[in-house]
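# Secondary and tertiary structure notes
Spelled out from the first residue to the last, the chains are:
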Amino acid sequence: MISRYLNKISGPLHDRIDLHLSVPRPGANILAGGGEPSETSAAICRRVEQARDIQAQRGMLNRDLSANELNRDNLVKPEARALLLEVAERKALSARSWFRALRVARTVADLGGRARVNETHVAEALTLRMIDLN
């Protein structure tokens, strides 16, 4: 049913959605307060605020970075670009998907306090945009 529903949405519309996630139902143990403690909302809020501060120091938010700015070598490591290129060729990513994934990777790097996007950031961004990988 999910697949049928997703097929009703056009590719260009999918390209405009940055994050595509599957969120599993929590088990009874988690609902009862068991399991691993998760990060608090306050801690997440602090990380997001720090990431926004990093973006402001660069002069603009990631959402406003142009294609040329996203491709600057001082923001993306060559290995990260190579991974994205490999996946883009294998999965025939559109130009829009390429830059959306790179923007998400830039944000993941900012959330981790990293100045440059590395392979791990690109892999996480592609996972968060998993619709592009199907």
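Refer to the structure printed above.
This report concerns the structure included in the present document. (Residues numbered from 1 in each chain as written. Predicted model: local features only at pLDDT ≥ 70, side-chain atom pairs only at ≥ 80, totals over all residues. Heavy atoms only, no water.)

### Regarding the environment of Val122
Stated precisely, the cut-off is as follows: Helix and strand assignments follow DSSP, with helices taken as H or I runs no shorter than four residues and strands as E runs no shorter than two, numbered in order from the N terminus. Contact criterion: two residues are considered in contact whenever any of their non-hydrogen atoms come within 4.5 Å of each other.
The residue Val122 is located in helix H8 (residues 119-128) in this model. Separated by 17 residues in the primary sequence, Val122 and Ala105 have C-alpha atoms spaced 5.0 Å apart. If we skip the residues at most four places from it in the chain, Val122 touches Ala80, Leu83, Leu84, Ala105 and Val117.

### Re the pattern of salt bridges
Condition: For salt bridges, the criterion is a side-chain nitrogen of Lys or Arg within 4 Å of an Asp or Glu carboxyl oxygen.
Counting across every chain of the model gives five salt bridges. Arg63 is the partner of Asp64 in a salt bridge, and the nearest nitrogen-oxygen pair spans 3.5 Å. Salt bridges here are not isolated pairs; linked through shared partners, they connect Arg58, Arg106 and Asp110.

### Brief notes about the layout of surface pockets
Put simply, the test is: Cavity and pocket criteria rest on a 1 Å grid covering protein atoms alone: a 1.4 Å probe that fits but cannot get out defines a cavity, protein on both sides within 12 Å along at least 5 of 7 lines defines an open pocket, and an atom within 4 Å of a point defines a lining residue. Grid points are joined across faces, edges and corners, and a volume is the space filled by probe spheres set on the points. Any residue outside Ala, Val, Leu, Ile, Met, Phe, Trp, Tyr, Cys, Pro, Asp, Glu, Lys and Arg is labelled polar, Gly included; the first ten of those are nonpolar and the last four are charged.
Volume-wise, the largest pocket comes out at about 370 Å³. Residue lining of the largest pocket: 16 residues in total, with Gln55, Asn62, Arg103, Val104 and Thr107 positioned closest to the centre. Of all the secondary structure elements, the ones that give two or more residues to the lining of the largest pocket are helix H4 (41-58) and helix H7 (95-111). The dominant element in the lining of the largest pocket, judged by the number of residues it contributes, is H7, at six residues. By residue class, the composition of the lining of the largest pocket is eight nonpolar, three polar and five charged.

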